[in-house]
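# Remarks on the overall topology
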Amino acid sequence: MEKSAKIYIAGHRGLVGSAILQELKDQGYENLILRTHKQLDLTDQQQTAQFFKDHRPDYVFLAAATVGGIVANNIYRADFIYKNLMIQNNVIHHSYLNGVKKLLFLGSTCIYPKMAPQPMPEDSLLTGPLEYTNEPYAIAKIAGIKMCESYNLQYGTNFISVMPTNLYGPNDNFDLEKSHVLPALIRKMHLGKLLMDGNEQALVKEMDVENFAFAKAELSKHGITKESIELWGTGSPRREFLWSHDMAKACVYLMHNIDFKDVAGEQKEVRNTHLNIGTGEDIEIKELAALIKKTVGYTGKLNWDSSKPDGTPRKLTDVSKLHALGWKHEVSLEKGVDMMYEAYLDKA
Ligand SMILES: NC(=O)C1=CN([C@@H]2O[C@H](COP(=O)(O)OP(=O)(O)OC[C@H]3O[C@@H](n4cnc5c(N)ncnc54)[C@H](OP(=O)(O)O)[C@@H]3O)[C@@H](O)[C@H]2O)C=CC1
Ligand SMILES: C[C@H]1O[C@H](OP(=O)(O)OP(=O)(O)OC[C@H]2O[C@@H](n3cnc4c(=O)[nH]c(N)nc43)[C@H](O)[C@@H]2O)[C@@H](O)[C@@H](O)C1=O
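All values derive from a computational prediction rather than experimental measurement.

Our next topic: the UniProt feature "site: Important for catalytic activity" (unreviewed entry) in the protein. Feature annotation in UniProt assigns "site: Important for catalytic activity" (unreviewed entry) to the following positions: S108 and C110. Looking at where S108 falls in the secondary structure, it is placed in the loop between strand 4 (102–106) and helix 5 (135–155). Classification of S108 by relative accessible area gives buried; the value is 10%. If near-sequence neighbours (up to four positions away) are discounted, S108 is found in contact with Y137, K141, V162, M163 and P164. In this structure, C110 sits in the loop between strand 4 and helix 5. Leaving out residues up to four positions away in the same chain, C110 has contacts with L130, N134, Y137, A138 and K315.

Here is the structure:
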């Protein structure tokens with residue numbers, strides 16, 4: 001990517017988008033086009049068409065999406081499939097119409113079958129039934145892969161699809177109902193610690209409520225009491241976690257160095273042209289909770305609410321293709337959780 005290139009980051013204020021923005025700035029890119037969700041609703045075809053016609057970016061990072069944890073995916077099923085399909089269709093199609101040189105689409109490792117071989121290679125896509133809780137979201141992401149691949153084959157575009165594992169970092173979503181497990185555990189244990197210490201003022205401030213009575217009611221709604229906090233499922237699933245700035249580095253590296261043909265390879269029937277991005281190491285949710293408990297300094301009890309879904313038992317990514325293309329993550333989970341809690345405290 002030439003330093004003067006016009007680069008559009010869709011979703012630049014999100015967990016990944018904000019990290020990509022930082023990485024590009026660190027690498028000296030200044031010709032960046034940024035629009036908030038309010039300024040440009042990418043589910044709206046008219047607005048998106050006009051934006052691309054007016055700005056004609058050279059490169060596009062598509063990190064805008066409707067994203068959430070297992071319970072949000074399971075409840076807001078229509079939102080997850082409709083909004084993500086609309087965003088992808090609009091951005092990918094108008095990138096083609098306006099001559100975008102290269103687009104990087106972010107999918108997710110939830111595209112793989114619930115019982116895919118572990119670690120999951122790229123060619124296990126569409127070989128079995130999906131995990132129920134996030135099937136709508138996964139179908140949207142699979143459609144995004146197929147859109148990029150089909151435009152590349154029919155129109156000669158250079159749109160690459162990456163499948164990140166679970167991501168975490170500053171700017172994560174800490175909403176107790178809609179967030180992913182890692183930010184949820186950090187916030188629940190932090191709030192539980194404040195409650196155990198009787199730190200009513202800090203609780204009212206952190207939760208942004210009228211008074212302590214409101215705070216207590218909200219906390220108990222999420223199973224947080226003076227003695228314990230409630231976590232979801234059995235704690236036995238395993239998950240892999242990649243630090244958001246490592247993810248951003250991978251996205252910029254791939255945008256610099258890798259084209260569709262490098263990932264698609266020589267296939268008569270071209271498929272599985274996406275690329276896993278992860279660490280290749282996973283951890284049991286129970287162990288993750290113990291790690292976060294130590295980092296936060298929480299001393300209460302952890303109760304597991306098995307009425308909440310576990311989701312897929314494991315989704316470890318096979319990162320051999322990514323490593324062969326010359327990229328490997330740097331930040332370990334222990335280091336990342338430390339930095340994440342520090343960033344959380346700075347914001348609280
Ligand atoms: N977080 C994770 O663990 C993983 C994420 N991914 C993928 O990575 C990408 C980025 O995810 P992440 O950064 O976590 O998500 P976030 O929710 O943190 O950020 C998404 C961004 O997209 C914006 N956005 C949402 N809807 C629209 C819209 N209709 N028009 C314009 N902007 C919109 C949001 O703006 P606003 O907040 O103002 O609505 C937000 O800035 C997504 O494609 C996601 O599927 C893949 C695997 C794991
Ligand atoms: C990135 C990925 O993220 C989602 O899939 P997921 O990894 O299953 O989601 P999750 O992070 O919410 O849960 C991971 C595990 O953790 C357990 N868990 C315990 N206690 C809490 C808790 O308090 N909150 C949450 N959210 N989970 C909890 C939870 O029960 C589950 O077993 C989808 O968006 C999917 O589409 C996707 O792409």
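Next up on the list: the site of ligand 1. Not every one of the 25 residues close to ligand 1 is listed here, only the nearest: L15, V16, H37, Y137 and K141. The contact in question runs from an oxygen atom of ligand 1 to an N or O atom on the backbone of G14, over 3.3 Å. With the chains in place, 84% of the 890 Å² that ligand 1 exposes on its own is no longer accessible. Of all the secondary-structure elements, those providing two or more residues to the shell around ligand 1 are helix 1 (15–26), helix 5 and strand 6 (166–168). A breakdown of the residues in the shell around ligand 1 according to their chemical character gives 13 nonpolar, nine polar and three charged.

A few words on the packing of aromatic side chains. What the rule picks out here adds up to eleven aromatic pairs. Judged by centre distance (6.0 Å) and plane angle (85 degrees), the rings of Y8 and F52 are edge-to-face. Of this pair, Y8 sits in strand 1 (residues 7–10) while F52 sits in helix 2 (residues 45–55), and the two are 44 residues apart along the sequence. In terms of burial, Y8 and F52 fall into one category: buried. Taking 4.9 Å as the distance between ring centres and 55 degrees as the angle between the ring planes, the aromatic pair formed by F174 and Y344 counts as tilted.

Throughout the structure, instances matching the rule amount to 13 salt bridges. The closest approach of N and O atoms between K101 and E2, which form a salt bridge, is 3.3 Å. Of this pair, K101 sits in the loop between helix 4 (77–97) and strand 4 while E2 sits in the segment before strand 1; the two residues are 99 residues apart in sequence, bridging distant segments of the chain. According to the relative accessible area criterion, K101 is partly exposed, its value standing at 43%. Residue class for E2 comes out partly exposed when judged on its relative accessible area of 36%. Across the salt bridge formed by R238 and D282, the nearest N and O atoms sit 3.2 Å from each other. Taken together, the residues span a long stretch of sequence, with R238 in strand 8 (residues 238–239) and D282 in the loop between strand 10 (274–277) and strand 11 (283–284) at a distance of 44 residues. Residue class for R238 comes out partly exposed when judged on its relative accessible area of 26%. Here the salt bridges do not stand alone but share partners, grouping K102, D259, K261 and D262 into one network.

Definitions and cut-offs
Residues numbered from 1 in each chain as written. Chains lettered and ligands numbered in written order. Predicted model: local features only at pLDDT ≥ 70, side-chain atom pairs only at ≥ 80, totals over all residues. Heavy atoms only, no water. UniProt positions renumbered as here; feature names shortened; annotations may be inferred. Helix = DSSP H or I, 4+ residues; strand = E, 2+ residues; numbered from the N terminus. Buried < 20%, exposed > 50% of the residue type's maximum accessible area, 1.4 Å probe, protein only. Contact = heavy atoms within 4.5 Å. Near = heavy atom within 4 Å. Polar contact = N/O pair within 3.5 Å; in protein donor to acceptor, adjacent residues only side chain to side chain. Areas by Shrake-Rupley, 256 points an atom, 1.4 Å probe, with all protein chains shown as cover. Nonpolar A, V, L, I, M, F, W, Y, C, P; charged D, E, K, R; others polar. Phe/Tyr/Trp six-rings, centres within 6.5 Å; stacked < 30°, edge-to-face > 60°. Salt bridge = Lys/Arg side-chain N within 4 Å of Asp/Glu carboxyl O.

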